[in-house]
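Summary of the model geometry
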Amino acid sequence: QVQLVESGGGLVQAGDSLRLSCAASVRTFSTYVMGWFRQAPGKEREFVAAIKWSGGSTFYADSVKGRFTVSRDNAKNTVYLQMNSLKPEDTALYYCAAKMRYVGSKYVPDDYDYWGQGTQVTVSS
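Described below are features of the structure shown in this document. (Residues numbered from 1 in each chain as written. Predicted model: local features only at pLDDT ≥ 70, side-chain atom pairs only at ≥ 80, totals over all residues. Heavy atoms only, no water.)

1. Let's talk about the nonpolar core
Put simply, the test is: We call a set of buried Ala, Val, Leu, Ile, Met, Phe, Trp, Tyr and Cys residues a nonpolar core when their side-chain atoms join them within 4.5 Å. Only protein chains enter the accessibility calculation, which uses a 1.4 Å probe; a residue is then buried when its area is under 20% of its type maximum, exposed when over 50%, and partly exposed in between. Counting from the N terminus, the helices are DSSP H or I runs at least four residues long and the strands are E runs at least two residues long.
In terms of nonpolar packing, the biggest core is built from 38 residues, with Met-34, Trp-36, Leu-81, Met-83 and Tyr-94 touching the most fellow members. Of all elements in the fold, only strand 3 (18–25), strand 4 (32–39), strand 5 (46–52), strand 6 (58–60), strand 7 (68–73), strand 8 (78–83), strand 9 (92–100) and strand 11 (119–124) reach the threshold of two or more residues within this core.

Set out below in structure tokens:
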């Protein structure tokens, strides 16, 4: 069983930064892809970023490319999402998720097997 616990959300102003953390309990990290998704009220859950635990390749949605950075700390079993230059449209509930590396698509929420509880990010204008 994989457990994911997010933290780091909050209320900030446009242009500010936040760093989200996702602490993961996974025995064999190298076989997983870790993803960040977000869901705003009335909207579908959307892909934000992903990182392959083995090798560290990263992937981003066009809407956050250049502003957000996903990274991992192997020693702490933690994945981070550094969010800079935040905009009001970034306001959403942010989720961390995990999927097996060679199964499904890293961009599709339904292809992920494990999810955290979510952390709220609110950006005021």
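2. Notes on the pairing of strand 5
Applicable threshold: In this scheme, strands are said to pair when DSSP sees at least two bridges between them.
Burial runs high along strand 5: five of the seven residues are buried. With six bridges joining them, strand 4 and strand 5 adopt antiparallel strand pairing. Paired with Met-34 across the strands is Ile-51, a residue of strand 5. Where strand 4 folds back on strand 5, the antiparallel hairpin that results is connected by six residues, among which Gly-42 adopts a positive phi of roughly 80°. Across three bridges, strand 5 lies against strand 6 in antiparallel orientation. Looking across to strand 6, one finds that Ile-51 is bridged to Thr-58.

3. What to know about the side chain of Arg-67
Spelled out, the test is: Definition of a polar contact: a pair of N or O atoms within 3.5 Å, with one able to donate and the other able to accept a hydrogen when the atoms are protein atoms, and with sequence-neighbouring residues admitted only if both atoms are side-chain atoms. Residues are treated as being in contact if the distance between any of their heavy atoms lies within 4.5 Å.
Its location among the elements puts Arg-67 in the loop between strand 6 and strand 7. Side-chain polar atoms of Arg-67 contact the side chain of Asp-90, separated by 2.7 Å. For Arg-67, the residues in contact, after removing those within four places along its chain, are Gln-82, Met-83, Asn-84, Ser-85, Leu-86, Lys-87 and Asp-90.

4. Some details on the state of the cysteines
Quick note on the threshold: In this description, a disulfide is simply a cysteine sulfur pair whose atoms lie within 2.5 Å.
As enumerated under the stated definition, the model contains one disulfide in all. Each sulfur in the disulfide pair Cys-22 and Cys-96 lies 2.0 Å from the other. Here the disulfide of Cys-22 and Cys-96 is left-handed, its torsion about the S-S bond being about -75°. Of this pair, Cys-22 sits in strand 3 while Cys-96 sits in strand 9, placing them 74 residues apart in sequence. Like Cys-96, Cys-22 is buried.

5. Considering the side chain of Ser-21
Among the secondary structure elements, Ser-21 is positioned in strand 3. Owing to a relative accessible area of 16%, Ser-21 belongs among the buried residues under this scheme. Dropping the residues within four chain positions of it, Ser-21 is found in contact with Val-5, Glu-6, Ser-7, Trp-36, Thr-78, Val-79 and Tyr-80.

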